[in-house]
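One letter stands for each residue in the lines below.
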Amino acid sequence: MSSATPLPPGSTIGILGGGQLGRMTAMAAARLGYRSVVYAPEDHSIGGDVAAAHVRGAYDDTAALIRFAAQADVITYEFENVPEATVAECLRHKPVRPGVKPIHVAQHRLREKEFFGRLGISTAEHQAIRSEADIAAATALPGILKTCTEGYDGKGQVRVADRAGLAAAWQKLQRRECILEALVDFTCETSVIVARGLDGQTRCFPIGINDHRDGILRTTTVPSDLPAEVEATAQRYGVELARGLDLVGLVALEMFVTRDGQVLANEMAPRPHNSGHWTIDACATSQFEQLVRTICGLPLGPVDVLAPSRMENLIGDEANDWLRYLADPTARLHLYGKATARPGRKMGHVTFLKRS
Ligand code: AMP
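Just so it is clear, the model here is predicted, and its values are computed rather than measured. (Residues numbered from 1 in each chain as written. Predicted model: local features only at pLDDT ≥ 70, side-chain atom pairs only at ≥ 80, totals over all residues. Heavy atoms only, no water.)

Draft legend 1. Up close: the overall build of the protein chain. Counting its secondary structure elements, the protein chain contains eleven helices and 17 strands. In summary, the protein chain has a C-alpha radius of gyration of 20 Å against a globular reference of 21 Å for 356 residues, a match within 12%. Considered along the principal axes of its C-alpha atoms, the protein chain spans approximately 60 × 50 × 40 Å. The proportion of buried residues among the 356 residues of the protein chain is 54%. Across the protein chain, contacts joining residues at least 24 apart in sequence account for 61% of those joining residues at least 6 apart. Looking at the protein chain as shown, the accessible area adds up to about 15,000 Å², and 50% of this sits on carbon and sulfur atoms. (Helix = DSSP H or I, 4+ residues; strand = E, 2+ residues; numbered from the N terminus. Rg over C-alpha atoms; globule rule 2.2 N^0.38 Å. Buried < 20%, exposed > 50% of the residue type's maximum accessible area, 1.4 Å probe, protein only. Contact = heavy atoms within 4.5 Å. Areas by Shrake-Rupley, 256 points an atom, 1.4 Å probe, with all protein chains shown as cover.)

Draft legend 2. Here's a closer look at the sheet that holds strand β4 (residues 74-77). Pairing in this open sheet of four strands is parallel, and the strands run β3-β2-β1-β4 from one edge to the other. Because the sheet does not close on itself, it has two edges, and the strands there are β3 (53-56) and β4. The sheet shows a mean angle of 25 degrees between the axes of neighbouring strands, taken without regard to direction. Pairing between strand β1 (residues 12-16) and β4: four bridges, direction parallel. Counterpart to Leu16 in the pairing with β4 is Tyr77. (Pairing = 2+ DSSP bridges. Axes fitted to C-alpha atoms, helices over the stretch in contact; angles between N-to-C directions.)

Draft legend 3. View of helix α8 (residues 228-245). The end-to-end C-alpha separation of α8 is 26 Å, in line with the 26 Å expected for 18 residues at 1.5 Å each. Those residues of α8 that sit buried are Val230, Thr233, Ala234, Tyr237, Gly238, Val239, Leu241, Ala242 and Leu245. On its buried face, α8 sits against α4 (100-106), α5 (109-118), β9 (186-196), β10 (202-204), β13 (249-258) and β14 (263-269). In the stretch just after α8, Asp246 is the one whose phi turns positive, near 55 degrees. (Expected span 1.5 Å × (residues − 1).)

Draft legend 4. Geometry of the nonpolar core. Ile13, Tyr34, Val74, Trp278, Val292, Ile295 and Cys296 are the most contacted members of the largest nonpolar core, which has 28 residues in total. The set of elements that each furnish at least two residues to this core consists of β1, α1 (20-31), β2 (35-40), β9, β12 (216-222), β13 and α10 (287-295). Element by element, the count of residues in this core is highest for α10, at three residues. Excluding its chain neighbours within four sequence positions, the residues that come into contact with Trp278 are Pro206, Thr220, Val222, Cys283, Val305, Ser309, Met311 and Thr351. The next biggest cluster of nonpolar side chains, apart from the first, holds 26 residues, and it includes Cys188, Ile207, Val239 and Met268. (Core = buried A, V, L, I, M, F, W, Y, C linked by side-chain atoms within 4.5 Å.)

Draft legend 5. Focus on the side chain of Glu78. Topologically, Glu78 is positioned in the loop between β4 and α3 (84-91). Lacking a salt bridge, the buried Glu78 has Arg271 as its closest oppositely charged neighbour, with an N-O distance of 7.7 Å. From its side chain, Glu78 meets the backbone nitrogen of Gly19 in a polar contact 3.1 Å long. (Lys, Arg positive; Asp, Glu negative; His and termini not counted. Salt bridge = Lys/Arg side-chain N within 4 Å of Asp/Glu carboxyl O. Polar contact = N/O pair within 3.5 Å; in protein donor to acceptor, adjacent residues only side chain to side chain.)

Draft legend 6. Up close: the sheet that holds strand β5 (residues 126-129). As summarised here, the arrangement of the four strands in space is β5-β8-β6-β7, forming an open sheet in which the pairing is antiparallel. The open sheet terminates on both sides in strands that have one partner only, identified here as β5 and β7 (157-160). Averaged over neighbouring strand pairs, the angle between their axes works out to 25 degrees when direction is ignored. Pairing between β5 and strand β8 (residues 178-182): four bridges, direction antiparallel.

Draft legend 7. Looking closely at empty space enclosed by the protein. One pass over the structure, following the stated rule, counts one cavity of 30 Å³ or more. Computed from the structure, the largest cavity encloses a volume of approximately 70 Å³. Looking at the largest cavity, it is lined by 13 residues, and the ones nearest its centre are Ser191, Ile193, Pro206, Ser275 and Trp278. A per-element tally of the lining of the largest cavity places β9 first, with three residues. Considering only residue class, the lining of the largest cavity consists of six nonpolar, seven polar and no charged. (1 Å grid on protein atoms, 1.4 Å probe; cavity = no way out; pocket = protein on both sides within 12 Å on 5 of 7 lines; lining within 4 Å. Points joined across faces, edges and corners; volume = space filled by probe spheres on them. Nonpolar A, V, L, I, M, F, W, Y, C, P; charged D, E, K, R; others polar.)

Draft legend 8. Highlighting the layout of surface pockets. Estimates place the volume of the second largest pocket at around 280 Å³. Along the walls of the second largest pocket sit 17 residues, with Met24, Met27, Ala28, Ile280 and Ser286 positioned nearest its centre. For the lining of the second largest pocket, the secondary-structure elements that each account for two or more residues are α1, α9 (279-282), α10 and β16 (331-335). In terms of residue count, α1 provides more of the lining of the second largest pocket than any other element does, five residues in total.

Spelled out as structure tokens, the structure:
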């Protein structure tokens, strides 16, 4: 396929990862007439449940990756912790969008913050913590100490008040390479999701307000009602990031908004994002369809808000209330088909549509 030629419906999208983001991507792909093949290490995955095919293999199983790539016309990933070597292997056989660079940047918090800095995207004060000397010199206090790799949903993070607390926290995190970020006194959290097509065209989804508890996203409310200049800054950062990464696909940028209207980037994810789930029910194009459009070289879809909405995650046992949500005419229920509800596990979400 030349880069300018759209991949026609009937083609197959390969998805690395078998979780809910891959599942919802496969559902959006099916709606447009595409097939999906999911690659996951498990025998059974909730992404594979809704795809035409499932290839089981470890992320370093070259033979299985080659079999997977052979079935796909284009490949994407649904989580940013796919090993870089896995993506590189896939790239030897088929186009992978968004590619290696976005995950290289997203997999390491310090690298990510440095990348933001180079693009002129503001962040909280931060510093590397790799030694006792770094602790003695630390100034981003009170702050949050985060491991540079493998932390998500608040995992691998400790709040620290002073250098003594920082020293204890670093021990707790097994003296791994960390980033210390000054605690931001934010009024709210927000995120922007930007799509960038094969032709370099970008489009931002409308911005919502994100509410987190224990480091996990609980709700996203749209519209944000943030001042226009704050929204404009957030969108400009998102577009700069998508261009800077030279990606084809989606990138989500999570940000803090401070009392004085500053926008500070926290982290990014080069994939559909939990804060964009409202788009399935309340936007002209869902984030999952937009991903399919970008990686298949199709025109980007419109992003008009169809109704004000609030997305609520169903975490752990909360998904047991499914009957109640089904009885609510303002609720749109999405369950991910996960067999067991563990505390902190995202089991589904509901989008409540408000009458405007
Ligand atoms: P993260 O894993 O970096 O997305 O952090 C999870 C959540 O912890 C964020 O959504 C915030 O609610 C909170 N958090 C993370 N970093 C900071 C910070 N530097 N200042 C204040 N809150 C933070």
